[in-house]
Amino acid sequence: MKRVAILISGGGSNMLALVRDMAGDHPARPVLVASNDPAATGLEKAAALGIPVAAIDHRAFGRDREAFEAALAEKIDAASPDILCLAGFMRILTPGFIRRYEGRMLNIHPSLLPKYPGLHTHARALAAGDTEAGCAVHEVTAELDAGPILGQARLPVLPGDTEAALAARVLTLEHRLYPKVLRRFATGDRTPVLLD
Ligand code: GRF
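Notes on the structure follow. None of the values given here were measured: they were computed from a predicted structure.

**Examining the overall build of the protein chain**
Link 1 in the chain: Secondary structure summary: the protein chain contains 6 helices and 8 strands in total.
Link 2 in the chain: Computed over the C-alpha atoms, the radius of gyration of the protein chain is 16 Å, within 12% of the 16 Å expected from 2.2 N^0.38 for a compact globule of 196 residues.
Link 3 in the chain: With the C-alpha coordinates of the protein chain rotated into their principal frame, the extents come out at 50 × 45 × 30 Å.
Link 4 in the chain: Residues counted as buried form 48% of the 196 residues belonging to the protein chain.
Link 5 in the chain: Of the contacts formed within the protein chain by residues at least 6 apart in sequence, a portion of 61% connects residues at least 24 apart.
Link 6 in the chain: For the protein chain, the computed accessible surface area is about 9100 Å², with 56% contributed by carbon and sulfur atoms.
Link 7 in the chain: Of the charged side chains in the protein chain, 22 are positive and 22 negative, and the gap between their average positions amounts to 3 Å.

**Observations concerning the site of the ligand**
Link 1 in the chain: Every residue close to the ligand is listed here: Gly11, Gly12, Ser13, Asn14, Gly88, Ile108, Pro110, Leu171 and Glu174.
Link 2 in the chain: At 2.6 Å from an oxygen atom of the ligand is found a side-chain nitrogen or oxygen belonging to Ser13.
Link 3 in the chain: Taken by itself the ligand offers 370 Å² of open surface, and the protein chains cover 78% of this.
Link 4 in the chain: Taken together, the residues of the shell around the ligand break down into 3 nonpolar, 5 polar and 1 charged.
Link 5 in the chain: When residues are assigned to domains, the shell around the ligand turns out to be shared by domain 1 (1-101) and domain 2 (107-196), each giving three or more.

**A closer look at the pairing of strand E7 (residues 149-156)**
Link 1 in the chain: One ladder, built from 7 bridges, connects strand E6 (residues 132-139) with E7; its direction is antiparallel. Across the sheet, Cys135 pairs through a bridge with Ala153, a residue of E7.
Link 2 in the chain: With 3 bridges joining them, E7 and strand E8 (residues 193-195) adopt parallel strand pairing. Looking at E8, one finds that Gly151 is bridged to Val193.
Link 3 in the chain: Handedness of the crossover joining E7 and E8 through helix H6 (residues 163-186) is recorded here as left-handed.

Thresholds applied
- Residues numbered from 1 in each chain as written.
- Predicted model: local features only at pLDDT ≥ 70, side-chain atom pairs only at ≥ 80, totals over all residues.
- Heavy atoms only, no water.
- Helix = DSSP H or I, 4+ residues; strand = E, 2+ residues; numbered from the N terminus.
- Rg over C-alpha atoms; globule rule 2.2 N^0.38 Å.
- Buried < 20%, exposed > 50% of the residue type's maximum accessible area, 1.4 Å probe, protein only.
- Contact = heavy atoms within 4.5 Å.
- Areas by Shrake-Rupley, 256 points an atom, 1.4 Å probe, with all protein chains shown as cover.
- Lys, Arg positive; Asp, Glu negative; His and termini not counted.
- Charge placed at Lys NZ, Arg CZ, Asp CG, Glu CD.
- Near = heavy atom within 4 Å.
- Polar contact = N/O pair within 3.5 Å; in protein donor to acceptor, adjacent residues only side chain to side chain.
- Nonpolar A, V, L, I, M, F, W, Y, C, P; charged D, E, K, R; others polar.
- Domains from an automatic or database assignment.
- Pairing = 2+ DSSP bridges.
- Right-handed = clockwise from strand over helix to strand, strands pointing away.

That's the geometry; what it means functionally is another story.
The structure is reproduced here in structure tokens:
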């Protein structure tokens, strides 16, 4: 049974989708939900489901990113995860941290990567007049939002779509895509999952 640690920064809707899917014949189970923000409401949702939680407030470390990551890694390693899932985790990780987990760390990003790495993905898609948008799951590597694609889901941009409306539709798609990717990845299969 693969052990999965999930990193969040906020509401953790993607974390909940992953956790709810890790049941029955699923080859993985959640062993930790950790956040850089002690106030992340996803932490109490995970705790209510009986999942061990941890919070390392990155603000307590000021500009010392490495010290924050060392404290976070200590909590993560104590849970001995096989797989790390970033899910709405909003801190950029240093190459040193990534190297510790490279090859077994996934992230979900709200765009059709390699388009729109970084922030404000929906606003950028709308501004570009794209007729399609979506989300992608990728392996985390030192380059931001640029690792091998493990899954992609796309949907049409609708006339009059606002950033909020598009973000909400893509988020629902994320909740379908990420669990499917984790199921497949946990069996050692890196064939991309494609949804549309
Ligand atoms: C989502 O847009 C996701 O794509 C991004 O973080 C946002 C919030 O995710 N990674 P969640 O609701 O905290 O899972």
